[in-house]
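Summary of the model geometry
As a plain string of letters, each chain reads:
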Amino acid sequence: GLAACGSGTPGGSSGGGGATGGGAAEAVKVGIKFDQPGMGLKEGSTYSGFDVDLANYIAKELNYTPTFVEAVSSQRETLLKTGQVKYIVGTYSITDARKKDVDFAGPYFIAGQDLLIRADDTSITGTDSLAGKKLCSVKGSTSAVNVQKKVPGVNLQEYNTYTLCVDALKAKNVDALTTDNTILAGYAAQPANKGQLKVVGQTFSTENYGVGLPKGDTALCQKVTDAINKWISSGEWQKAVDKNLGPSGFKPGAGNPPKPAACGASSGATG
Ligand code: GLU
């Protein structure tokens, strides 16, 4: 029989704007983070966060029915290369190294790397004060790479997820967690951590978030880029900031919202 999709409305009035013509929605797997409050969080069967809102917006625009899959930092390229997900919205920084394996639509947000420490710690005030300290970050993240460049010889433990780092920080097994300020603000504001953790507030990198895509699918890149542009120009981007990052008091830094790059454009030496 035919696939019974309850939401199918004749004429496709859901604002798709694409060339798909209002047919049945395509079921797709979408990678997000599951443990980053404010960005990508799974609680039971409920998903929330800024990235989740964009993932859902893209799905609506492209006439997809998304099923969310956890995309931990070190697995993102593999998930895309093996076709296990159609796209990833997961605090995923656009980098030249990653562009060898995957494509990106975006940027849709600009974050910066910072440090999360225990609230009563006055000894860490920035990357200059990490000598003799134990630091935590996540495998496969730009955060782990950046901090080792910035502070050669830093004592860094790399875990699989940021929540494991938060646990280690609270248990005093490490002295700081380093990753994007967006993610850190979410942890500091979590009820379970409130008053126990603080963000240092000295960012030391620029993280351009993109939607991760399989390499070479220019048509998909174009559709996702169109969706991002519409998300920003319609005011939904700002709404998603207020809803998801407002509660932690996080304010997007300079350059936000960014202008997504053209698909297939190589960001070469001529800037
Ligand atoms: N944005 C950085 C990255 O893509 C850190 C956050 C993350 O691991 O998701 O590596």
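See the structure printed just above.
Summary of the structure given here. As the structure is a computational prediction, the values presented were derived from the model and not from experiment.

Further remarks concern helix H7 (residues 218–233). Residues spaced three or four apart along an α-helix face the same direction, because each turn holds 3.6 residues. Taking 1.5 Å per residue, 16 residues should reach 22 Å; H7 reaches 22 Å between its end C-alpha atoms and fits that length. Within H7, burial applies to Leu-220, Cys-221, Val-224, Thr-225, Ala-227, Ile-228, Trp-231 and Ile-232. For H7, the angular spread of buried residues about the axis comes to 160°, placing them on one side. On its buried side, H7 packs onto helix H1 (50–62), strand E5 (64–70), strand E7 (102–111), strand E13 (207–214) and helix H8 (236–244). Immediately downstream of H7, the backbone of Gly-235 shows phi near 95°, a positive value.

Taken together, 17 residues form the shell around the ligand, and within it Lys-33, Ser-73, Thr-91, Tyr-162 and Asp-180 come nearest. In the environment of the ligand, an oxygen atom lies 2.7 Å from a nitrogen or oxygen atom belonging to the side chain of Thr-91. One nitrogen or oxygen atom from the side chain of Asp-180 is found 2.6 Å from a nitrogen atom belonging to the ligand. Within the complex, 100% of the 280 Å² of free accessible area of the ligand lies under protein. Contributing elements (two or more residues each) for the shell around the ligand: helix H4 (142–150), strand E11 (176–180) and E13. Counted by class, the shell around the ligand contains four nonpolar, eight polar and five charged residues.

A few words now on unusual backbone geometry. Here the amide bond leading from Gly-106 into Pro-107 is cis, since omega sits at 10°, within 30 degrees of zero. When you line up the elements, Pro-107 lands in strand E7. Even without glycine at this site, Asn-63 takes up a positive phi of about 60°. Locating Asn-63 in the fold gives a position in the loop between H1 and E5. Residue Thr-91 is not a glycine yet carries a positive backbone phi of 40°. Within the secondary structure, Thr-91 sits in the loop between strand E6 (87–88) and helix H3 (96–99).

For the structure on display, the rule yields nine salt bridges. Residue Glu-61 pairs with Lys-230 through a salt bridge whose shortest N-O separation is 3.2 Å. Of this pair, Glu-61 sits in helix H1 while Lys-230 sits in helix H7, and the two are 169 residues apart along the sequence.

Time to look at the state of the cysteines. Counted by the stated rule, this structure contains two disulfides. Through a disulfide, Cys-136 is tied to Cys-165; the S-S separation comes to 2.1 Å. On the S-S bond that ties Cys-136 to Cys-165, the torsion sits near -70°, and the link is left-handed. Separated by 29 residues along the polypeptide, Cys-136 in strand E9 (residues 134–138) and Cys-165 in helix H5 (residues 162–170) bring together distant segments of the chain. On the basis of relative accessible area, Cys-136 is assigned to the buried category, the value being 0%. With relative accessibility at 0%, the residue Cys-165 sits in the buried group. Put simply, Cys-221 and Cys-263 are joined by a disulfide, and their sulfur atoms are 2.1 Å apart. Here the disulfide of Cys-221 and Cys-263 is left-handed, its torsion about the S-S bond being about -90°.

What counts and what doesn't
Residues numbered from 1 in each chain as written. Predicted model: local features only at pLDDT ≥ 70, side-chain atom pairs only at ≥ 80, totals over all residues. Heavy atoms only, no water. Helix = DSSP H or I, 4+ residues; strand = E, 2+ residues; numbered from the N terminus. Expected span 1.5 Å × (residues − 1). Buried < 20%, exposed > 50% of the residue type's maximum accessible area, 1.4 Å probe, protein only. Arc of directions from axis to C-beta. Contact = heavy atoms within 4.5 Å. Near = heavy atom within 4 Å. Polar contact = N/O pair within 3.5 Å; in protein donor to acceptor, adjacent residues only side chain to side chain. Areas by Shrake-Rupley, 256 points an atom, 1.4 Å probe, with all protein chains shown as cover. Nonpolar A, V, L, I, M, F, W, Y, C, P; charged D, E, K, R; others polar. Salt bridge = Lys/Arg side-chain N within 4 Å of Asp/Glu carboxyl O. Disulfide = S-S within 2.5 Å.

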